[in-house]
Amino acid sequence: MKHTKSTFQDYLLYLAWIVSLVATLGSLYFSEIKGFIPCELCWYQRILMYPLVIILGIAVFDQNKKIKKYVLPFSIIGMGVSFYHYLIQKVPGLAAVKPCVGGVPCNGQYINWLGFITIPFLALIAFVFITVLMLLIRGTKK
């Protein structure tokens, strides 16, 4: 049996899957345990994050590094939605541009740790990590 030295490359898929799993479990914790009702933009972020747990989980199992072409659209769009949502929360003039529907305003802040860490900020960080990890993955050499 040939033993190969593990490199950082070997763990990128696994790290991306862990980030998506933590983000998904975190959003479920906030809504199901803490009772925070997600706003419209929170739902869009969930729609973009939750499938990544399954997609990246399968990729980790198969060691499929070509999965990034399927993951990147979710993570890049998720970054955009999260960044926009964070701006709505932190820039007062933007909240009036598009009011959210469904009873929960998108500019509401259930958490505000250290004065800047909100739920959309946490989602943004997760989407950024996943995107960067996907961009760091090198394809297999032919």
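Quick summary incoming for the structure in this document.

### Remarks on the side chain of Arg46
Then, number 1: The topology assignment puts Arg46 in helix α2 (residues 40-62).
Then, number 2: Nearest to the buried, unbridged Arg46 among oppositely charged side chains is Glu32, at 5.3 Å.
Then, number 3: Every residue in contact with Arg46, bar those within four places of it in the chain, is listed here: Ser27, Leu28, Ser31, Pro38 and Pro51.

### Some words on the environment of Phe74
Then, number 1: Summarising the element assignment, Phe74 is placed in helix α3 (residues 68-90).
Then, number 2: Among the residues examined, Phe74 registers a relative accessible area of 26% and is labelled partly exposed.
Then, number 3: Considered as a pair, Phe74 and Leu48 are 26 residues apart in the sequence and their alpha carbons are 5.4 Å apart.
Then, number 4: Residues within four places of Phe74 in sequence aside, it is in contact with Ile47, Leu48, Pro51, Leu52, Ile55 and Phe127.

### Side note on the packing of aromatic side chains
Then, number 1: For the structure on display, the rule yields 7 aromatic pairs.
Then, number 2: Aromatic side chains Tyr86 and Phe121 sit 5.3 Å apart centroid to centroid with 45 degrees between the ring planes, which places their arrangement in the tilted category. A residue pair is termed long-range when its members are at least 10 positions apart, and Tyr86 in helix α3 and Phe121 in helix α4 (residues 119-136) qualify at 35 residues.
Then, number 3: You can call Phe121 buried: its relative accessible area is 18%.
Then, number 4: Linked through ring pairs, Tyr29, Phe30, Phe36, Tyr110 and Trp113 together constitute an aromatic cluster.
Then, number 5: Directly above the aromatic system of Trp43 lies the positively charged group of Arg46, at a separation of 5.0 Å from the ring centroid.

### Points about a nonpolar patch on the surface
Then, number 1: Nonpolar side chains collect at one region of the surface, where Phe8, Tyr11, Tyr14, Leu15, Val128, Val132 and Leu136 lie side by side and expose about 620 Å² of accessible area between them.
Then, number 2: Of all the secondary-structure elements, those providing two or more residues to the nonpolar patch are α1 (12-33) and α4.
Then, number 3: Looking at the nonpolar patch element by element, the count peaks at 3 residues for α4.
Then, number 4: Residue placement: Tyr11 occurs in the segment before α1.

### Some words on the packing of α3 against α4
Then, number 1: Viewed as axis vectors pointing N to C, α3 and α4 meet at an angle of 150 degrees, and their least axial separation amounts to 8 Å. The orientation of α3 relative to α4 falls into the category roughly antiparallel. The two elements α3 and α4 cross, and the hand of that crossing is left-handed.
Then, number 2: Across the contact of α3 with α4, the residue classes tally to 16 nonpolar, 6 polar and 1 charged.

### As for unusual backbone geometry
Then, number 1: Residue Gln63 is not a glycine yet carries a positive backbone phi of 50 degrees.
Then, number 2: Looking at where Gln63 falls in the secondary structure, it is placed in the loop between α2 and α3.

### Some thoughts on the packing of α1 against α4
The axes of two packed helices give the description: the angle between them and the distance between them.
Then, number 1: Remark: α1 packs on α4, axes separated minimally by 9 Å, with the N-to-C direction vectors making an angle of 165 degrees. The angle between α1 and α4 places the two elements in the roughly antiparallel class. By crossing handedness, the relation of α1 to α4 is classed as left-handed. Only Ile119, Leu122, Ala126, Phe129, Ile130, Leu133, Met134 and Leu136 of α4 make contact with α1, whose side of the interface consists of Leu12, Leu13, Leu15, Ala16, Val19, Ser20, Ala23 and Phe30.

Conventions used here
- Residues numbered from 1 in each chain as written.
- Predicted model: local features only at pLDDT ≥ 70, side-chain atom pairs only at ≥ 80, totals over all residues.
- Heavy atoms only, no water.
- Helix = DSSP H or I, 4+ residues; strand = E, 2+ residues; numbered from the N terminus.
- Buried < 20%, exposed > 50% of the residue type's maximum accessible area, 1.4 Å probe, protein only.
- Lys, Arg positive; Asp, Glu negative; His and termini not counted.
- Salt bridge = Lys/Arg side-chain N within 4 Å of Asp/Glu carboxyl O.
- Contact = heavy atoms within 4.5 Å.
- Phe/Tyr/Trp six-rings, centres within 6.5 Å; stacked < 30°, edge-to-face > 60°.
- Lys NZ or Arg CZ within 6 Å of the ring centre and 35° of its normal.
- Patch = residues over 30% accessible without salt bridge, like charges linked within 9 Å, V, L, I, M, F, W, Y side chains within 5 Å.
- Areas by Shrake-Rupley, 256 points an atom, 1.4 Å probe, with all protein chains shown as cover.
- Axes fitted to C-alpha atoms, helices over the stretch in contact; angles between N-to-C directions.
- Parallel < 35°, antiparallel > 145°, perpendicular 65-115°, else oblique.
- Left-handed = near helix turned anticlockwise from the far one by under 90°.
- Nonpolar A, V, L, I, M, F, W, Y, C, P; charged D, E, K, R; others polar.

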